[in-house]
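Structure at a glance
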Amino acid sequence: MKHLYLFNEGSRAAIYGIGTYIRQMIALFSGRQDIKLNVVVLNSDKDEFEVEEKDGYRSFCFPRVSLPSDKLEIYIRNSWYVLYSYIEEVGEEDRLLFHFNYGQELPLLKLAKQYFPECTTLFTIHYQMWCFELDGNTTLFRKIMQDRREGKTQERFKNIADSIGKELAVYSEADSIVCLSRYTYNCCLKSMAWMRRKYRWPITACLTSVLLMRKKRPGGSNGICVLKNPASWSCLWGGLMT
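I will try to describe carefully the structure that is included in this document. Just so it is clear, the structure is predicted and the values come from calculations on it, not from any experiment.

So, about the environment of Asn8. Turning to its location among the elements, Asn8 is positioned in strand E1 (residues 2-9). Relative accessible area serves as the criterion here: at 9%, Asn8 is assigned to the buried category. Asn8 sits 34 residues away from Leu42 along the chain, and the two C-alpha atoms are 6.3 Å apart.

Right, here's the structure in full:
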């Protein structure tokens, strides 16, 4: 049995199509007999913490709180401690997976590995902040990346470089990265090849709509598999869960 925890944010679900993506994931996994799906919603519209059994999955809803950005980690960590008490022990033949979708969930990725070292963590890139700041100018993006590595960041690009650093921290923490467009996929390949060498991230799966970068595991292969039919998404996710 695979135990999958899919993370969402109630107050941000409609942004960048993340809500649609979450609904597709629920539709894909809720009917699977070999997967126990759990949907975790932070900043929901519930007045208090709520656990609900739904059709094919279980949901955990944490109420929305108003905190300054520098205090957000407190809310995230406390939510984890509550959720942790509900996470069932898995047997030797079972798998535990945590699937994240928001950059501010970095503390959750770290906590998941801290409490469950053998778990698998995934992060889907729905957007990258530098794209908005630079209007998608990948040439300038790569220049800022290069300057950041060399400690030569121009003052006018400091905020962008900082946001890139935060995103890279998330990517390096996750076991697998899912890209939802070929543009993002190619950008990551060209601009973050140095990270792939450092962390050994070969490409192991590629879809028309969903493309995956994954860290190398002992005995793993570096092949490329193309699945042209979106109905074959389950094949990709099935591979991630083995």
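Here we come to a nonpolar patch on the surface. A cluster of nonpolar side chains, namely Val51, Val82 and Tyr86, defines an oily patch on the protein surface of about 200 Å² accessible area. As for its placement among the helices and strands, Tyr86 is situated in the loop between helix H2 (72-84) and strand E5 (95-100).

So, about the nonpolar core. Ranked by size, the top nonpolar core spans 41 residues in total, and within it Tyr5, Trp80, Leu83 and Phe98 carry the most contacts. Excluding its chain neighbours within four sequence positions, the residues that come into contact with Phe98 are Tyr5, Phe7, Trp80, Ile87, Ala112, Phe116, Cys119, Thr120, Thr121 and Leu122. Leu6, Ile26, Val41 and Tyr57 belong to the second-largest nonpolar core, a separate cluster that totals 17 residues.

With nine of 10 residues buried, strand E2 (residues 35-44) is to be regarded as a mostly interior element. Here eight bridges tie E1 to E2, and the two strands are oriented parallel to one another. Following the sheet pairing, Asn8 is matched in E2 by Val41. Pairing geometry for E2 and strand E4 (residues 57-63), over six bridges, is parallel. When the sheet's bridge partners are listed, Ser44 is paired in E4 with Pro63.

Reading the values: the criteria
- Residues numbered from 1 in each chain as written.
- Predicted model: local features only at pLDDT ≥ 70, side-chain atom pairs only at ≥ 80, totals over all residues.
- Heavy atoms only, no water.
- Helix = DSSP H or I, 4+ residues; strand = E, 2+ residues; numbered from the N terminus.
- Buried < 20%, exposed > 50% of the residue type's maximum accessible area, 1.4 Å probe, protein only.
- Patch = residues over 30% accessible without salt bridge, like charges linked within 9 Å, V, L, I, M, F, W, Y side chains within 5 Å.
- Areas by Shrake-Rupley, 256 points an atom, 1.4 Å probe, with all protein chains shown as cover.
- Salt bridge = Lys/Arg side-chain N within 4 Å of Asp/Glu carboxyl O.
- Core = buried A, V, L, I, M, F, W, Y, C linked by side-chain atoms within 4.5 Å.
- Contact = heavy atoms within 4.5 Å.
- Pairing = 2+ DSSP bridges.

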